[in-house]
Amino acid sequence: MSLEDGDPARPRGQQVNGEVSGTPRLRGMADRSLQGTTAAGDSRTEAMAEGWKPGPALGDRDVTPGGAPQRAGQQEEALMTELSELVQKVVKSSSWWERHGVDISILACSFLLLPAGFLCLRSAQAVPFLAGVLTLGVVHHTLTVKGSHLASHNALTESKSWGKVWAIFFIELCSAFTVEQATYNHVKIHHGYTNVIGLGDSSTWKLPFLNRYVYMFIAPLAVPILTPLVALDLLRNVEWKAALRTLCCMFLGFYCHYWLLLHVSGFQSPWSALLCMLLTRSLLAHPYIHVNIFQHIGLPMFAADRKPKRIHLMSMGVLNLPRNALLDWSFGHSLISCHVEHHLFPSLSDNMCLKIKPIVSQYLKQKKLPYNEDTYSSRLQLFLQRYEELMVHAPPITELVGIQ
């Protein structure tokens, strides 16, 4: 997907953080609150790379004598071009199995585990029953998070037609969301304007009326209920044919899950089946919410008319978490340990993001660009300590300085 650096127009149907002032206050780079937040302990966040020297402010509209912004912009574009060429060599030398096969196999294995999960729920014994809940919970999040994320970026196949089919299947049937709005808000807005205030600043994840403990530990349990409700509200912004298709897919997905619990797992009452649906669909809801806020909120934010070029926007505003077997399987590498790589090259599959990770990290560090990394526990501690600042108040805007 080609990303423009021009001034963004406020998109139709896009939620904008109402707390952001119309005349944002700019702060200097020396302000520690703007540097990728580093928690106590083992944090390895490198929010602002060493070697940066103050210079003329860079922005898409900045004009200063001597053409300094143009030269700086050309240098930034050259960096992205050079990195893209390095990555492209790896992609071209990779087999279909590496580009798509590994992730398709993970999704296929998840489907194959479904019968075992539903049959385990027939047992009256605690261990098999809990094994069934765990199996269905992991499978559900693999299909709805990993599958939907890859499908939204058309990373499962090189065919656009099949990509559309997989997007409808994973996003609408499995996840109960609408393809058009999911793709628009995630791919076009979040990826196109990462950490840009009012556009891709992750403000839709904020619920400032909740306190830190309710938001971090209780509210995630409501994700299976809130997701279809939000989807129904967003159907107002799509064509009636797409809305009808989404409604049919959402109903079919819910009904199939419900029917299997009654007729295969042997639940005796509708309420017990619905409760089991809620339990399995919210099994990994906590890390799902946490990952979405840990990797962007608390890092530098930018005004729409004063944002850096792509390579700096993504390296400054995105953070990687460590490898985790459960989350790598259920969410995918591109959402966990390779999020920086994913934002730089969003059309690559999870396995390819993992493969190019050494190249991207080495290149960014070599060029003295930020490569943000931190642990899950460190970010959790940070958000609990600074919840009001990060999740309630409007984020400060980073003032860009020249890179010499």
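Residues numbered from 1 in each chain as written. Predicted model: local features only at pLDDT ≥ 70, side-chain atom pairs only at ≥ 80, totals over all residues. Heavy atoms only, no water.

**Here's the deal with the overall build of the protein chain**
Next up, step 1: Each helix and strand counted, the protein chain has 16 helices and four strands in total.
Next up, step 2: Of all intrachain contacts in the protein chain linking residues separated by at least 6 positions in sequence, the fraction that spans at least 24 positions is 75%.
Next up, step 3: A total of about 18800 Å² of accessible surface is found on the protein chain, and carbon and sulfur atoms cover 62% of it. (Helix = DSSP H or I, 4+ residues; strand = E, 2+ residues; numbered from the N terminus. Contact = heavy atoms within 4.5 Å. Areas by Shrake-Rupley, 256 points an atom, 1.4 Å probe, with all protein chains shown as cover.)

**Quick look at the pattern of salt bridges**
Next up, step 1: One pass over the structure, following the stated rule, counts 12 salt bridges.
Next up, step 2: A salt bridge links glutamate 82 to lysine 367, with the shortest nitrogen-to-oxygen separation between them at 4.0 Å. Within this pair, whereas glutamate 82 is found in helix H1 (residues 68-92), its partner lysine 367 is found in the loop between helix H14 (350-366) and strand S3 (372-373), the two being separated by 285 residues in sequence.
Next up, step 3: With its nearest N and O atoms 2.9 Å apart, the salt bridge here joins arginine 245 to glutamate 180. Of this pair, arginine 245 sits in helix H8 (residues 240-263) while glutamate 180 is found in helix H5 (residues 179-191), placing the two residues 65 residues apart along the sequence.
Next up, step 4: Exposure remark for glutamate 180: the relative accessible area of 27% places this residue in the partly exposed category.
Next up, step 5: One salt-bridge network, in which partners are shared between bridges, spans Lys164, Glu172, Glu180 and Arg245. (Salt bridge = Lys/Arg side-chain N within 4 Å of Asp/Glu carboxyl O. Buried < 20%, exposed > 50% of the residue type's maximum accessible area, 1.4 Å probe, protein only.)

**Describing helix H10 (residues 285-294)**
Next up, step 1: The element H10 is largely enclosed, with a buried count of eight among its 10 residues.
Next up, step 2: Residues Ala285, His286, Pro287, Ile289, His290, Val291, Ile293 and Phe294 constitute the buried set of H10.

**A few points about the layout of surface pockets**
It is a probe the size of a water molecule, rolled over the atoms, that shows where empty space is left.
Next up, step 1: Of the volumes computed, that of the second largest pocket is approximately 570 Å³.
Next up, step 2: As for the second largest pocket, its lining consists of 23 residues, of which His153, Asn154, Ala155, Thr157 and Ser347 are closest to the centre.
Next up, step 3: When contributions to the lining of the second largest pocket are tallied by element, the ones reaching two or more residues are helix H2 (96-120), helix H3 (126-152), helix H4 (160-174) and H5.
Next up, step 4: Looking at the lining of the second largest pocket element by element, the count peaks at four residues for H4.
Next up, step 5: Classifying every residue of the lining of the second largest pocket by side-chain character gives nine nonpolar, nine polar and five charged. (1 Å grid on protein atoms, 1.4 Å probe; cavity = no way out; pocket = protein on both sides within 12 Å on 5 of 7 lines; lining within 4 Å. Points joined across faces, edges and corners; volume = space filled by probe spheres on them. Nonpolar A, V, L, I, M, F, W, Y, C, P; charged D, E, K, R; others polar.)

**A short note on unusual backbone geometry**
Next up, step 1: For alanine 176, which is not glycine, the phi dihedral falls at a positive 60°.
Next up, step 2: For alanine 176, the position within the fold is in the loop between H4 and H5.
Next up, step 3: Judged by its relative accessible area of 4%, alanine 176 is buried.
Next up, step 4: A positive phi angle is found at asparagine 195, which is not glycine, with a value near 60°.
Next up, step 5: When you line up the elements, asparagine 195 lands in the loop between H5 and helix H6 (212-218).

**Some details on the UniProt feature "transmembrane region" (unreviewed entry) in the protein chain**
Next up, step 1: In this structure's numbering, the residues bearing the UniProt feature "transmembrane region" (unreviewed entry) are residues 213-235 and 242-264.
Next up, step 2: The span residues 213-235 is 78% helical and 0% strand by assignment, and the distance between its end C-alpha atoms comes to 32 Å.
Next up, step 3: Helix makes up 96% of residues 242-264 and strand makes up 0%, while its end C-alpha atoms are separated by 32 Å. (UniProt positions renumbered as here; feature names shortened; annotations may be inferred.)

**Re helix H15 (residues 376-385)**
Next up, step 1: Within H15, burial applies to Ser378, Arg379, Leu380, Leu382 and Phe383.
Next up, step 2: If you follow the buried residues of H15, they end up packed against H6, H10, strand S2 (319-320) and helix H16 (387-392).

**Thoughts on the packing of H2 against H3**
Next up, step 1: Taken N-terminus to C-terminus, the directions of H2 and H3 make an angle of 150°; their axes are 8 Å apart at the nearest point. Taken together, the axes of H2 and H3 lie roughly antiparallel to each other. Relative to H3, H2 is oriented so that their crossing is left-handed. Of the residues in H3, those in contact with Asp103, Ile106, Leu107, Ser110, Phe111, Leu113, Leu114, Gly117, Phe118 and Cys120 of H2 are Pro128, Phe129, Gly132, Thr135, Leu136, Val139, Thr142, Leu143, Lys146, Gly147 and Leu150.
Next up, step 2: In terms of residue class, the contact of H2 with H3 is built from 13 nonpolar, six polar and two charged. (Axes fitted to C-alpha atoms, helices over the stretch in contact; angles between N-to-C directions. Parallel < 35°, antiparallel > 145°, perpendicular 65-115°, else oblique. Left-handed = near helix turned anticlockwise from the far one by under 90°.)

**Some points on the confidence of the model for the protein chain**
Next up, step 1: Mean pLDDT over the protein chain stands at 84; residues scoring 70 or higher make up 81%.
Next up, step 2: Contacts of residues 1-66 to residues separated by more than four positions or lying in other chains number 160 contacts, the stretch itself having pLDDT below 50. (pLDDT = per-residue confidence, 0-100.)

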